[in-house]
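# Descriptive analysis of the structure
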Amino acid sequence: MSDRTGTTTLTLAPLHGVTGRILRSAWFRSFGGFDAVMAPFLLAVPGPSAKRNHYRDLVPAEAIPVPLVPQILGNDADSFLSTARALRDAGYARFNWNLGCPYPMVTKKFRGAGLLPYPERVDGFLGRVFADGLFARGEATLSVKLRLGLANPGEILALMPALNRHPLEAVILHARIGTQMYRGSVNLEAFEAAAALSARPLAYNGDITGLSGFMALSERLAGVSDWMIGRGALADPFLPARIKRATAPRGGSGSGPVRFPAAGAEPPAIGSPDWLSSIRVFHDDAYAGYRAALCGPSHVLAKMKELWGYLAPSFPSRRRELGGIPRARSFAEYERAVGAILGRT
Ligand SMILES: Cc1cc2nc3c(=O)[nH]c(=O)nc-3n(C[C@H](O)[C@H](O)[C@H](O)COP(=O)(O)O)c2cc1C
């Protein structure tokens, strides 16, 4: 994901069930700072058996102002290639292979993080994919997103020579192991050990939640210029713009390809009136999108409750009001709860 100019590049991480088409569109109508977005994983399917709606999160391509990189989960190169070809026909040219999904349902089938202990299988898969015309002729590029290992952070060290053998566009490393799921802390020592063995600069992912934490991390991981942020950008959607502004070369606007907030302007502080009014617009946009796309309150409210799970830490003084969100059973109850948090009655 590097723009190869030495500047900081930021990619929105894939969050399956969360950062789908509706939320991505709403997010980019209100906020900026990201240079690219990685879509949540799509299962690799053999061409003819794919139902049309298998691709509905990505096809037709949506109008967001930054490149969208589809991510594919699977361990069979033929299915991967037929899925990538279907997406290429819809206009995509950058793909990502998911080697990080930690759920036992997935890993026990040797998919996602389940492949990390098997460098020879990863090598064989990449060899098949890069031998295919789509990737061999450079019509498409491939990156991988992975963890340090399935059960042991040493697995990445054994895997690195296999990754080094293939012309990957980028390697994005979430600095946890699979069995941690999303718990515990990131392992920076293990990230550094992997970076030392990597033929290309690694992109960093994991627990970037604020500007000061990001600055400390970027000082420690001085060779990293590409970063991926997930939950932190849902808790404070101005975080990418804050990072871009703080790391912009002198004279640059720092706002990335999206000019919001206005070029050079300071993103509003968490909880400030401007921050709240932007969150309100974003919230209402996503809520309207889900109401238009999904059937019935339970599906819509499940999506909105999940979003509030990420936003909640940015409302420390609204803990009592936040309690109303999971309890809401109807649109009216939900809207009352949201009004109490975002200042509407
Ligand atoms: C609900 C949820 C869904 C996720 N779905 C995906 C996915 O589809 N593909 C993927 O590579 N990672 C997925 N991840 C992992 C994130 O992309 C990211 O690696 C992880 O959250 C750490 O980054 P963060 O601390 O910035 O959120 C998911 C994480 C969460 C919490």
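Not measured: the values here are computed from a predicted model.

### A word on the sheet that holds strand 2 (residues 36–43)
Here 8 strands make up a closed barrel; going around it, the order is 1-2-3-4-5-6-7-8 and the pairing parallel. For this sheet the average axis-to-axis angle between neighbouring strands, irrespective of direction, equals 30°. Relative to strand 3 (residues 68–73), strand 2 is paired through 5 bridges, and the arrangement is parallel. Pairing of M38 across the sheet is with V69, part of strand 3. Its contacts with the sheet put helix 7 (residues 188–197) on strand 5 (141–149), strand 6 (171–177) and strand 7 (202–205), and the angle it makes with strand 6 is roughly 145°.

### Comments concerning the domain arrangement of the protein chain
Per the domain assignment, the segments making up the protein chain are domain 1 (9–247) and domain 2 (273–342). Between the C-alpha centres of domain 1 and domain 2 there is a distance of 28 Å. For the side of domain 1 that touches domain 2, the secondary structure elements donating two or more residues are helix 1 (21–30) and helix 9 (231–235). Per-element accounting of the side of domain 1 that touches domain 2 gives the leading share, 7 residues, to helix 1. When its residues are assigned to classes, the side of domain 1 that touches domain 2 shows 9 nonpolar, 3 polar and 3 charged.

### As for unusual backbone geometry
Following V59, the chain continues into P60 via a peptide bond in cis, with omega recorded as 0°. Among the structural elements, P60 can be located in the loop between strand 2 and strand 3. Phi is positive for M181, which is not a glycine, with a value near 55°. Inspection of the secondary structure puts M181 in the loop between strand 6 and helix 7. M181 sits in the exposed class, given 12 other C-beta atoms within 10 Å. For D207, which is not glycine, the phi dihedral falls at a positive 65°. Within the secondary structure layout, D207 lies in the loop between strand 7 and helix 8 (211–220).

### A look at the site of the ligand
Neighbouring the ligand are 22 residues; A13, H16, P40, G230 and R231 lie closest to it. Sorting the residues of the shell around the ligand by element identifies strand 2 and helix 9 as the ones contributing at least two each. Taken together, the residues of the shell around the ligand break down into 9 nonpolar, 10 polar and 3 charged.

### Considering the packing of helix 8 against helix 10 (residues 239–247)
Between helix 8 and helix 10, the shortest axis-to-axis distance is 10 Å and the interhelical angle comes to 50°. Viewed along their axes, helix 8 and helix 10 adopt a mutual orientation that is oblique. Considering how the two elements wind past one another, helix 8 and helix 10 form a crossing that is right-handed. Together, L211, F214 and M215 of helix 8 and R242, I243 and A246 of helix 10 make up the contact between the two elements. Here the residues of the contact of helix 8 with helix 10 are counted per class, giving 5 nonpolar, no polar and 1 charged.

Reading guide: rules and limits
Residues numbered from 1 in each chain as written. Predicted model: local features only at pLDDT ≥ 70, side-chain atom pairs only at ≥ 80, totals over all residues. Pairing = 2+ DSSP bridges. Helix = DSSP H or I, 4+ residues; strand = E, 2+ residues; numbered from the N terminus. Axes fitted to C-alpha atoms, helices over the stretch in contact; angles between N-to-C directions. Contact = placed C-beta atoms within 7 Å. Domains from an automatic or database assignment. Nonpolar A, V, L, I, M, F, W, Y, C, P; charged D, E, K, R; others polar. Buried ≥ 20, exposed ≤ 12 C-beta atoms within 10 Å, placed from the backbone. Near = placed C-beta within 6 Å. Parallel < 35°, antiparallel > 145°, perpendicular 65-115°, else oblique. Left-handed = near helix turned anticlockwise from the far one by under 90°.

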